[in-house]
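# Fold and contact review
Letter by letter, the chains look like this.
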Amino acid sequence: MTIKILVSVCFALLIFSCQKPESEQVIDLSGEWGFQVDSLAVGEAERWFDGGMNDIIKLPGSMAEHGKGNEVSVSTVWTGEIVDSAYYFSDKFEKYRTADNTKIPFWLQPTKHYIGVAWYQREIEIPKDWEGQSIVLFLERPHWETTVWVDGEEFGMQNSLGTPHEVKLGTNLSAGKHTVTVRVDNRVKEINPGLSAHSISDQTQTNWNGIVGKIELRAMPIVAIGNIRLFPEINAGNVSAVVDIHNGYPENMDYELTATVYSKEDRKQIGGQIVKSGTVKEQEKLEFVYPMGDDVQYWDEFDPNLYEIDVKLKTAFGEQTIQETFGMREFRSEGKQFAINGRPVFLRGTLDCAIFPLTGYPPTNKDDWEKIFDKIKDHGFNHIRFHSWCPPKAAFEAADKLGMYLQVEASSWTHNVKSGIGTGNPIDQWLYAEGEEILKAYGNHPSFVMLAHGNEPGGARQEEYLSEYVAHFQGLDHTKVYTGGSGWPYTPNADFYLHSDARLQLWGAGLNSRINSQAPNTLFDYNQLVGQFPMPYVTHEMGQWCAYPDFKEISKYTGVLKAKNFEIFQESLNDNNLGDLAEEFLKASGKLQALCYKADIEAGFRTKDYAGYQLLGLQDFSGQGTALVGVLNAFWEEKGYISPEEFKRFNDVTIPLVRLEKHIYHQNETLEAAIEVAHFGKYQLENVSANWNIKNKSGNSIAKGSFEHQIIPIGNYFPIGTVSHEFKELKTPEKLVLEVEIDGYINSWDIWVYPKTNKELDDKGDVYFTNKLDNSALEILNNGGKVLLSIPKGNLKPEKGGDIGLGFSSIFWNTAYTNNQKPHTLGIYCDPVHPVFAEFPTEYHSNWQWWDVISISNALVLDGLPTLTPLVRVIDDWNHNRSLSLLFEAQVGKGKLLVSSIDFNQKLDDKPASKQLLKSVTKYMNSEKFEPQVAVEVDLIRSLTID
């Protein structure tokens, strides 16, 4: 027996003596592959892996990138939930359902579409010096299910969505030529992660078919390292390691393992080597602790220090070295907050929803991800949630370098999946496997701090299932924090809770949301809500505020996805003769969008024991009916209405805050504003002062002050002092800005001050006020007089605007995917220097002073009237693009009429902005500047209202 073992080992050594160094044991398989579509899924039964393919394709890449697949048509079966199906039957979309003009409105449209099986095949050549080694086919990011054959022999199926497929081809491949065949199937079958899951959905990255990233053959010794997991222990100053050693030889093998840690930046060795030896039969988990010395450099968002560990395995079959990057960090839940290395951390997060409009799939190189993360950091964020998907390794590498905290998910969104999760369907076990593979592939990256099974689950037993799921992963890896699902349910054993109630607009709230039903103020917070939960509370998908489409973006879609949805919206705008206003609509709605985001984010910062938010989102979401929620477009580019520096004023490590009971004041009123600060910097702030300044439109100070130097700890809900200022000197209406600066961080809030006069409307001059065109009004008009027609709220006919949900805020998500949830509009647009606003300071877009005006208004549809330019225009939903008005003027008979769908008939004592606007309108109508140019028949005016 001893002689047989010795001979075998000697033979193995003879083979290895001819091998190249391990670093060269890779063959790149990128390039031209044979290709064939298998739409009927018959290739396996017909043994296509034994023959050649009838087409060629280049890999890495997707079918769509190379023009493979089907033309999009009205019959295309999509991977994605379509809530508004009007496209398939509405006359409005009839012209977009033809073969030569197919355009879909609900997401970006691929140039080619294919759901099914496709085959990829190429010849490989195994070098002579690879004989006897373990050979692996490495597919970094296939989509989705792969089955591999070599020379007709099957080597198994893999179906992870978030990790590489590593196919073990064994040790028996002879030197010379062989044929590798990969069958890729992107159908949703027994494993259903949800048609809207961003890992597979046409709504986002597309349900593509192909293989991207590295495609390689890798050779390694027959006794080799399989996987390395690293667990930093910052309190002990150690890193614990678990190394899997696999022995493919039929006898026990002795080994020596050496581990050495270096700083990644300069490759300076840290501490001494760890040397372990032993004997492995089939496989072994070798555990050891590596002391990091006395000068450990921690990893966090401020100092993303990285280390590398080189693990070298020596056996009779040679040497193998594996290198892993890691960071010394501890991310954990401590009570109601997160802590990074013992310091409180506040998550300023945004979502990544797998939107890649040029390729339709995620990038696999670090530079591309660094560009994305730099954009995100420039806007003040430190955290990214990957919604229902897991990115490639390059994303983790970029986040490690830049200090970003990542939440990844096990590729699922099962809210509309029959039976959901926890009911014994195959998805239940697949989710465990997917999560484990994600930890195995990316768990050493310090940026990877949070894991969930996915987004918003379905299933009657979801709570029980996810409780067990969380416990399972907590037991596998204590360096991360876990929750069951993003959005719901509450899982008591989770490390944190992702929940949507701490935001200004809830799904289904419509005009009853806080931002649309309660007068603007900055007093409120979510203390009572957050106080109910014993763990860190993070707001789920905060915001979702839309802006109007940027049609300049259409030309940027030069890859596999085209903005046909934008083309539909643009054609609709042009059909309504409003095409020349597209840029103005974008910028005006964008200013309102930014205002809503500011209000949302600051409310979170004002909340005690609040752990953070995940914004939806910084980038536009191209699917689900088209949700233009980003201040950046789908390409992570600015849209032109708010800069990163402006956004960062309310989204940064240090945020000055004020608590204002209102935004509108009268002359001789006193502004009382409590100043506080949220500070989550690297250190507490010492010996800093807080400075406040009230400025006019020229930037000149009308009042300012400071608070004494003090220490500001890390945290929020920290009071600074109270600003008190009486507006004595202002004699005309004015917009002012309250600015607060703390340690160089500046934030500001707009306020308006109006003269306090009780009888400003008693003198109506020559204007006749009415709520309908009665005989008196007609007589005045026929005699050349002036009439202000203020239509009572609710009195417009449905088709004339009565069915339009007008709110102050921007549209939430979009109307197509929310069953036409209100509001239906995107704010106002006007010319701020028009004389009608002489006594009503305004910008060209909505701001807080318009809130009480909107609250008593309807949007009036001008379609059917002669072409008019409203004095105040309402920006319609891009799906309709109607010409909407709050104020317009017209010649009627010999007279002059101003039509207001702002209900000035109401008592305005508690609506100071509406009262001031009415004063300004009245003054304008009594001036020589009131000269309507467009004539409108009386019957057309009367046709607007119910009575």
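Everything numeric here is computed off the predicted structure, so don't read it as measured data. All chains use their own residue numbering, which begins from 1 and follows the written sequence. Given that the model is predicted, a residue must reach a pLDDT of at least 70 before its local features are reported, and side-chain atom pairs must reach 80 or more before they are shown or counted; all residues, however, enter totals for whole chains, interfaces and linings. To get the side-chain values, take all heavy atoms of the structure and skip hydrogens and water.

### Topic: the overall build of the protein chain
The criterion, for reference: Only DSSP runs of H or I with at least four residues qualify as helices, and only runs of E with at least two residues qualify as strands; both kinds are numbered from the N terminus onward. Using C-alpha atoms as the atom set, the radius of gyration is obtained and then compared with a globule rule of 2.2 Å times the number of residues to the power 0.38. Relative accessibility decides the category of a residue: with a 1.4 Å probe and only protein chains considered, values under 20% of the type maximum give buried, values over 50% give exposed, and everything between is partly exposed. In this analysis, two residues are considered to be in contact whenever any of their non-hydrogen atoms come within 4.5 Å of each other. Computed with a 1.4 Å probe, the accessible areas rest on the Shrake-Rupley method; for each residue, only the protein chains presented here act as cover. Think of it this way: Lys and Arg go in the positive column, Asp and Glu in the negative one, and His and the chain ends go nowhere. Just so you know, the charge point we use is NZ for Lys, CZ for Arg, CG for Asp and CD for Glu.
For the protein chain, the helix and strand inventory stands at 14 helices and 46 strands. What you see for the protein chain is a C-alpha radius of gyration of 32 Å, in line with the 30 Å of a compact globule of 947 residues. Across its three principal axes, the protein chain shows a C-alpha extent of roughly 120 × 70 × 45 Å. Counting across all 947 residues of the protein chain, residues that qualify as buried make up 60%. Across the protein chain, every contact between residues at least 6 apart in sequence was considered, and the portion connecting residues at least 24 apart equals 73%. As displayed, the protein chain offers around 35,800 Å² of accessible surface, 47% of which is attributable to carbon and sulfur atoms. Computed over 88 positive and 127 negative side-chain charges, the inter-centroid distance for the protein chain is 4 Å.

### Observations regarding helix α3 (residues 393-402)
Note on helix geometry: an α-helix contains 3.6 residues per turn, so any two residues three or four positions apart are oriented the same way. Of all 10 residues that make up α3, seven are buried, and the element is covered over most of its length. Of the residues making up α3, those classed as buried are Ala394, Ala395, Phe396, Ala398, Ala399, Asp400 and Leu402. Contacts from the buried residues of α3 go to α2 (366-378), β25 (405-413), α4 (426-442) and β26 (448-455).

### Observations regarding the pattern of salt bridges
Rule in force here: We define a salt bridge as a contact between a side-chain nitrogen of Lys or Arg and a carboxyl oxygen of Asp or Glu at a distance within 4 Å.
Under the definition given, this model contains 51 salt bridges. Of the charged contacts in the structure, one is a salt bridge between Glu602 and Lys598, with a shortest N-O distance of 2.6 Å. Of this pair, Glu602 and Lys598 both sit in helix α9 (residues 582-605), separated by four residues, roughly a single helical turn. The class of Lys598 is buried, set by a relative accessible area of 13%.

### So, the nonpolar core
Basically, it comes down to this: We call a set of buried Ala, Val, Leu, Ile, Met, Phe, Trp, Tyr and Cys residues a nonpolar core when their side-chain atoms join them within 4.5 Å.
Residues Trp369, Phe373, Ile376, Trp850, Leu886, Leu898 and Leu917 are the most contacted members of the largest nonpolar core, which totals 167 residues. Tallying contributions element by element places α9 first for this core, with 13 residues. Ignoring any residue separated from it by four or fewer positions in sequence, one finds Leu886 in contact with Leu806, Ile828, Trp850, Ile854, Ser857, Asn858, Val872, Val874, Val899, Ser900, Ser901 and Ile902. Judged by nonpolar contacts, the second largest core, of 31 residues, contains Ile228, Ala259, Ile274 and Phe326.

### Notes on the packing of aromatic side chains
Test applied: Centre distance within 6.5 Å is the pairing criterion for rings of Phe, Tyr and Trp, where only the six-membered ring of Trp is used; planes under 30 degrees apart are then read as stacked, over 60 as edge-to-face, and the remainder as tilted. Only when the NZ of Lys or the CZ of Arg is both within 6 Å of the ring centre and within 35 degrees of the ring normal is a charge said to sit over the ring.
Applying the stated rule across the entire model yields 65 aromatic pairs. Their ring planes at 75° and their centres at 5.6 Å tell us that Trp507 and Phe812 sit as a pair that is edge-to-face. One end of the pair, Trp507, is in the loop between β28 (497-499) and α6 (514-517); the other, Phe812, is in the loop between β41 (786-790) and β42 (825-830), and 305 residues separate them in sequence. Overall, Trp507 belongs to the partly exposed group, its relative accessible area being 46%. For the ring pair Phe533 and Tyr537, a centre distance of 5.8 Å and an interplane angle of 35° mean the geometry is tilted. Looking at Phe533, the relative accessible area reads 13%, which means it is buried. Joined through ring pairs, the aromatic side chains of Phe346, Tyr490, Tyr497, Phe533, Tyr537, Phe605, Tyr610, Tyr613 and Phe680 make up one cluster. Here Arg218 stacks its cationic end above the ring of Phe138, 3.7 Å away from the centre of that ring.

### Some thoughts on a negative patch on the surface
Spelled out, the test is: Excluding any residue in a salt bridge, patches collect residues exceeding 30% relative accessible area, merging like charges within 9 Å and nonpolar Val, Leu, Ile, Met, Phe, Trp and Tyr side chains within 5 Å.
A surface patch of like charges, here negative, comprises Asp374, Asp378, Glu638, Glu645 and Glu646. Counting only elements with at least two residues in the negative patch, the list comes to α2 and α10 (644-648). Here Asp374 shows up in helix α2.

### Regarding the UniProt feature "domain: Glycosyl hydrolases family 2 sugar binding" (unreviewed entry) in the protein chain
Under the convention used in this document: UniProt positions are given in the numbering used here, feature names are shortened, and annotations may be inferred rather than shown by experiment.
Under the UniProt annotation, the feature "domain: Glycosyl hydrolases family 2 sugar binding" (unreviewed entry) is placed at residues 29-220. With 0% helix and 40% strand, the stretch residues 29-220 has end C-alpha atoms that lie 17 Å from each other.

### A look at the packing of α4 against helix α5 (residues 462-476)
Note the cut-off: Angles shown run from 0 to 180 degrees and are taken between the N-to-C directions of axes, each axis being a line fitted to C-alpha atoms and, for helices, limited to the stretch in contact. Small angles under 35 degrees read as roughly parallel and large ones over 145 as roughly antiparallel, with 65 to 115 read as roughly perpendicular and the rest as oblique. Less than a right angle of anticlockwise turn of the near helix away from the far helix marks a crossing as left-handed, whereas a clockwise turn marks it as right-handed. Each residue gets one of three labels, nonpolar for Ala, Val, Leu, Ile, Met, Phe, Trp, Tyr, Cys and Pro, charged for Asp, Glu, Lys and Arg, and polar for the others, Gly among them.
At a minimum axis separation of 11 Å, α4 and α5 run at an interaxial angle of 25°. As far as their axial angle goes, α5 and α4 are roughly parallel. For the crossing formed where α4 meets α5, the hand is right-handed. Two secondary-structure elements touch here, α4 through Ile427, Asp428, Leu431, Tyr432, Gly435, Glu436 and Leu439 and α5 through Tyr465, Glu468, Tyr469, His472, Phe473 and Leu476. Grouping the constituent residues of the contact of α4 with α5 by class yields eight nonpolar, two polar and three charged.

### So, the pairing of strand β23 (residues 347-352)
For clarity, the threshold we go by: By the convention used here, strands pair only if DSSP detects at least 2 bridges between them. Handedness rule for crossovers: strands pointing away from the viewer, path from the first strand over the helix to the second running clockwise, crossover right-handed.
Of all six residues that make up β23, six are buried, and the element is covered over most of its length. Going residue by residue along β23, you find Leu347, Gly349 and Leu351 tucked away on one face and Arg348, Thr350 and Asp352 tucked away on the opposite face as well. Relative to strand β31 (residues 612-616), β23 runs parallel, the two being bridged by four bridges. When the bridges of β31 are listed, Thr350 appears paired with Leu615. In this fold, the crossover linking β23 to strand β24 (residues 383-386) by way of α2 has right-handed handedness.

### What about the environment of Ala690?
Take Ala690: it is sitting in strand β35 (residues 685-695). Given a relative accessible area of 3%, Ala690 falls into the buried group. Spatially, the C-alpha atoms of Ala690 and Glu676 are 9.5 Å apart, while their sequence positions differ by 14 residues. Those residues in contact with Ala690, other than ones at most four positions away along the chain, are Gly705, Ser706, Phe707, Ile720, Glu741 and Ile742.

### Describing the side chain of Thr102
The line we're drawing: Polar contact is defined as a pair of N or O atoms within 3.5 Å, subject to the rule that within protein one atom must be able to donate a hydrogen and the other to accept it, and that residues adjacent in sequence are counted only when both atoms are side-chain atoms.
Topologically, Thr102 is positioned in the loop between β4 (61-62) and β5 (109-110). Among the polar contacts made by the side chain of Thr102, one reaches the main-chain carbonyl oxygen of Thr98 at a distance of 2.6 Å.

### Examining the side chain of Glu409
You can see Glu409 is positioned in strand β25. In this structure Glu409 comes out as buried when scored by relative accessible area, which is 0%. At a separation of 2.7 Å, a polar atom in the side chain of Glu409 contacts the main-chain amide nitrogen of Ser388. Side-chain polar atoms of Glu409 contact the side chain of Ser486, separated by 2.6 Å.

### Overview of unusual backbone geometry
For the bond from Leu59 to Pro60, the omega torsion is 5°, close enough to zero to count as cis. Following the sequence through the fold, Pro60 ends up in the loop between β3 (55-59) and β4. Here Trp488 and Pro489 are connected by a cis peptide whose omega angle stands at -10°. Positive phi, normally seen in glycine, also occurs at Ala354, with a value near 60°. Counting through the fold element by element, Ala354 comes out in the loop between β23 and α2. A positive phi angle, close to 80°, is found at Thr626, a residue other than glycine.

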